[in-house]
Amino acid sequence: PVMIYYQHVADQSVQVNYLDMLNTGGVMRTAFVTALTTCENYGDPIYVIDSSETVIDYEVALTKSVAYSTDLKSMPTNPGGTAPFANYLMNADGTLTPIQGSNVNAINTTKTTATYGISNDVFVKVYLLSGVSPANVTSVALADGTVLPYNTTDGAYEKDVQYTSAVPTSANIVLTTANGTQTYTVLAQ
């Protein structure tokens, strides 16, 4: 799994970067496990997104009494599928931060990439869906606030991001428009 969405309260869901949660551990992992256990106990929705953007409704897998890996192979693939819009993001300390605005769908998740460089860097390139104009986009940034400027030559928001410590395994992208936001995590390759 790359991303997990679970129901927090009625009609409210939380997005957790699974890889970050595993790397962070501690309080975040405890909060994550507690939240998923509560969801399972009450039959609330849990969605698992893998690196190919396949969305698995994990509650369906539990009702069928199959493991995640079995369900991933048996469920119809649903690239860019039907996970709910996240109202909250889980932080490293296990707390939740509200996501402002409503859900928009603007990132071309098939073309967007994060590529490891040779010197503690990751080159992030974010493409828009064909029906979305850069004029409608307020900003594209990483979750840490690093802004990705628009390159008219490539037709993408891009930046070679340098890191002074460990290079992350993924790039958490936040695209903002006047109508809301879209968050997307792409694995670095």
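This one's a predicted model, so the numbers in the text were calculated from it and none came from an experiment.

Reading guide: rules and limits
- Residues numbered from 1 in each chain as written.
- Predicted model: local features only at pLDDT ≥ 70, side-chain atom pairs only at ≥ 80, totals over all residues.
- Heavy atoms only, no water.
- Helix = DSSP H or I, 4+ residues; strand = E, 2+ residues; numbered from the N terminus.
- Buried < 20%, exposed > 50% of the residue type's maximum accessible area, 1.4 Å probe, protein only.
- Contact = heavy atoms within 4.5 Å.
- Areas by Shrake-Rupley, 256 points an atom, 1.4 Å probe, with all protein chains shown as cover.
- Salt bridge = Lys/Arg side-chain N within 4 Å of Asp/Glu carboxyl O.
- Pairing = 2+ DSSP bridges.
- Axes fitted to C-alpha atoms, helices over the stretch in contact; angles between N-to-C directions.
- Phe/Tyr/Trp six-rings, centres within 6.5 Å; stacked < 30°, edge-to-face > 60°.
- Lys NZ or Arg CZ within 6 Å of the ring centre and 35° of its normal.
- pLDDT = per-residue confidence, 0-100.
- Core = buried A, V, L, I, M, F, W, Y, C linked by side-chain atoms within 4.5 Å.
- Expected span 1.5 Å × (residues − 1).
- Arc of directions from axis to C-beta.

Enquirer: So, the overall build of the protein: which residues are in play, and what are the values?
Expert: Along the backbone of the protein there are 4 helices and 14 strands. In the protein, buried positions account for 39% of the 189 residues. Taking as baseline every contact in the protein between residues at least 6 positions apart, the subset at least 24 positions apart corresponds to 55%. In the form shown here, the protein has an accessible surface area of approximately 9900 Å², with 53% of it arising from carbon and sulfur atoms.

Enquirer: Residues and numbers for the pattern of salt bridges, please.
Expert: Evaluated as defined, the whole model comprises 2 salt bridges. Linking K125 and D154 is a salt bridge whose minimum nitrogen-to-oxygen distance equals 3.4 Å. Highlighted residues: K125 in strand 9 (residues 121-126) and D154 in the loop between strand 11 (150-151) and strand 12 (156-162), separated in sequence by 29 residues. Taking the relative accessible area as the measure of exposure, K125 reaches 17% and is therefore buried.

Enquirer: Could you give me a rundown of the sheet that holds strand 2 (residues 12-17), with the residues and numbers involved?
Expert: Strand order in the open sheet formed by 6 strands is 4-3-1-2-5-6, with mixed pairing between adjacent strands. Across the chains shown, the open sheet's two edge strands, defined by having one partner strand only, are strand 4 (55-57) and strand 6 (96-98). Averaged over all adjacent pairs, the angle separating strand axes in this sheet is 25°, with direction ignored. Bridge analysis of strand 1 (residues 3-9) against strand 3 (residues 46-49) gives 4 bridges, and the strand direction is antiparallel. Following the sheet pairing, I4 is matched in strand 3 by V48. Set on the sheet, helix 2 (residues 26-42) makes contact with strand 1, strand 2, strand 3 and strand 5 (88-90); between it and strand 1 the angle comes to about 65°.

Enquirer: Pulling in residues and values, what's your account of the packing of aromatic side chains?
Expert: Tallying each qualifying case throughout the model produces 2 aromatic pairs. The residue whose ring lies beneath K111 is Y127, and the NZ or CZ to ring-centre distance is 4.3 Å.

Enquirer: Tell me about the environment of N23, and name the residues and values.
Expert: As for its placement among the helices and strands, N23 is situated in helix 1 (residues 18-24). Accessibility expressed as a relative area gives 60% for N23, which makes it exposed.

Enquirer: Account for the environment of S133, naming residues and giving values.
Expert: Take S133: it is sitting in the loop between strand 9 and strand 10 (137-142). Assessed through its relative accessible area of 31%, S133 is described here as partly exposed. Separated by 27 residues in the primary sequence, S133 and A106 place their C-alpha atoms 9.0 Å from one another.

Enquirer: Could you give an account of the confidence of the model for the protein, naming the residues involved and the relevant values?
Expert: Predicted confidence across the protein gives a mean pLDDT of 80, with 80% of residues reaching 70 or more. When the criterion is pLDDT under 50, residues 76-81 qualifies, and its contacts beyond four places in sequence or with other chains add up to 9 contacts.

Enquirer: Which residues make up the nonpolar core, and what are the values?
Expert: V124, V126, V140, I173 and L175 are the most contacted members of the largest nonpolar core, which has 20 residues in total. Within the residue set of this core, elements represented by two or more residues are strand 9, strand 10, strand 12, strand 13 (170-177) and strand 14 (180-187). Each residue touching I173, except ones within four places of it in the same chain, is listed here: I107, T112, V124, V126, V140, A141, L142, Q182, T183, Y184 and V186. Listed in part, the 15 residues of the second largest apolar core include Y6, V14, V16 and M28.

Enquirer: Please set out helix 2 residue by residue, giving values where relevant.
Expert: Here helix 2 contains 17 residues, and its C-alpha end-to-end distance of 25 Å stays within 8% of the 24 Å for a straight helix at 1.5 Å per residue. Where helix 2 is concerned, the buried positions are M28, F32, A35, L36 and C39. Projected down its long axis, helix 2 shows its buried positions confined to an angular sector of 95°, all on one face. Away from its buried face, by an angle of more than 90 degrees, helix 2 presents the exposed residues G26, V27, T30 and N41. Looking at the residues trailing helix 2, positive phi occurs at G43, about 70°.

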